[in-house]
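Read off the chains here:
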Amino acid sequence: MDLRIFTEPQQGATYDTLLTVAKATEDLGFDAFFRSDHYLKMGDGDGLPGPTDAWITLAGLARETKRIRLGTLMTAATFRLPGVLAIQVAQVDQMSGGRVELGLGAGWFEEEHQAYGIPFPKEKFPRLEEQLAIVTGLWATEPGETFDFHGQHYELTKSPALPKPAQQRIPVLIGGHGATRTPRLAARYADEFNMPFASPEDSEAQFGRVRAAAQEAGRPADAITYSNALVVCVGKDDQEVARRAAAIGRDVEELKANGLAGTPGEVVDKIGRYAAVGSSRIYLQVLDLDDLDHLELISAQVQSQLS
């Protein structure tokens, strides 16, 4: 079971804070550092000092880290034109020496689009599908050849399809709860399917839909990695769990029901339930980015039991 650190910087984080967490992620032996791609806080809190851009952040971290994978859960297809996104991600992949992964989703948070003047189209899923075709098509085009795409939402003509990533294929992540279109899209484009904030039972059902869609598309179901994203709140005892839950404004019992919360032993047991339904990677949503002791505890007493 791979453990990856997943952050939500729109809730309030500077680049320096993210850099500190990313370096701790690397030093403590976690597999990857991922971040959300949002421009507006959600829920309580002031969100200060304001948002940081996902791919600018990852470009900086690409030069400041050496081992960990870097990526997004999920870049919004509404934020960037697909050709521009393909260039940005390929460049960051080069800057990292081939450690980048692209999570791409349709986009959903209308208020952040209104706040920053970003168009919020009514039909988002067809745009996502075209973006996936374009981004992967540009990367796959052989040097010296050109790429053309004529869709309902985007047109590319005689694109040189440059630059190329350092990796032969940048892993693409697709995720979500949709029962029909999402599995079909994952079957076609995803190297990894991520089920966010869901129970083991719901994850098992959605993984089954993706597996079935892959087989229907003529692709081995096991060619896709299956993963989960879950909020994490671990303490060496009940008092420390309660303190960490209070720090992020959450109830302990709610966290235990809907995330990975409790003592290291409790969290290891809960992770085992996800492994049993086919998940091989967990994105640990860390909400208190100043609590590095939390990451040390997870590394020493949770990750060590899973390796």
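Described below are features of the structure shown in this document. Remember, it's a predicted structure, so these values are computed and weren't measured experimentally.

Grouped together as the largest cluster of nonpolar side chains are 75 residues, with contacts concentrated most on Trp55, Trp139 and Leu284. Per-element accounting of this core gives the leading share, eight residues, to helix α5 (residues 125-140). Not counting the four nearest positions on each side in its chain, tryptophan 139 is found in contact with Ala86, Val89, Ala90, Leu102, Lys164, Pro165, Ile170 and Val172. Core analysis: the next-biggest nonpolar cluster, separate from the first, contains eight residues, Ala245, Ile248, Val252 and Leu255 among them.

Omega for the peptide link from leucine 48 to proline 49 comes to 10°, which places this bond in the cis form. Look at the link from leucine 73 to methionine 74: it is a cis peptide, with omega at -20°. Counting through the fold element by element, methionine 74 comes out in the loop between β3 (69-72) and β4 (75-76). In this structure, lysine 158 is a non-glycine residue whose phi angle is positive, near 50°. With respect to the helices and strands, the residue lysine 158 is situated in strand β7 (residues 155-159).

Attention now moves to the pairing of strand β10 (residues 225-234). Buried residues dominate β10, accounting for nine of its ten residues. As paired elements, strand β9 (residues 192-196) and β10 share five bridges and run parallel to each other. Of the residues in β10, the one forming a bridge with proline 196 is alanine 229. For the segment spanning β9, helix α7 (residues 200-216) and β10, crossover handedness is right-handed. By the bridge criterion, five bridges tie β10 to strand β12 (residues 281-286) in an arrangement that is parallel. Within β12, the residue paired with alanine 229 across the bridge is tyrosine 283.

Going through the model one piece at a time under the given rule, you end up with 18 salt bridges. Close ionic contact of arginine 80 with aspartate 37 constitutes a salt bridge, the shortest N to O distance being 2.7 Å. Highlighted residues: arginine 80 in the loop between β4 and α3 (82-96) and aspartate 37 in the loop between β2 (32-35) and α2 (54-64), separated in sequence by 43 residues. The pair arginine 80 / aspartate 37 is uniform in exposure class, with both members buried. As a salt-bridge pair, glutamate 192 and arginine 281 come within 2.6 Å of each other at their nearest N and O atoms. Taken together, the residues span a long stretch of sequence, with glutamate 192 in strand β9 and arginine 281 in strand β12 at a distance of 89 residues. With respect to burial, glutamate 192 and arginine 281 carry one shared label: buried. Salt bridges sharing common partners tie together Lys236, Glu240, Arg243, Arg244 and Asp291.

Cut-offs applied
- Along every chain, residues carry numbers that run from 1 in the direction the sequence is written.
- Local features in this predicted model are restricted to residues whose pLDDT is 70 or higher, and side-chain atom pairs enter the listing and the counts only when it is 80 or higher, whereas totals over whole chains, interfaces and linings include all residues.
- As a rule here, side-chain values come from all non-hydrogen atoms in the structure, and water together with hydrogens is ignored.
- We define a nonpolar core as any set of buried Ala, Val, Leu, Ile, Met, Phe, Trp, Tyr and Cys residues linked to one another through side-chain atoms lying within 4.5 Å.
- Each residue is placed in one exposure class: buried if its accessible area under a 1.4 Å probe, protein chains only, is under 20% of its type's maximum, exposed if it is over 50%, and partly exposed if it falls in between.
- In DSSP terms, a helix is any run of H or I states spanning at least four residues, a strand is any run of E spanning at least two, and both are numbered starting from the N terminus.
- Any two residues having at least one pair of non-hydrogen atoms within 4.5 Å are treated as being in contact.
- For two strands to be treated as a pair, DSSP must find no fewer than two bridges joining them.
- Consider the strands pointing away from the viewer: the crossover is right-handed when the path from the first strand over the helix to the second runs clockwise.
- Definition used for salt bridges: Asp or Glu carboxyl oxygen within 4 Å of a side-chain nitrogen of Lys or Arg.

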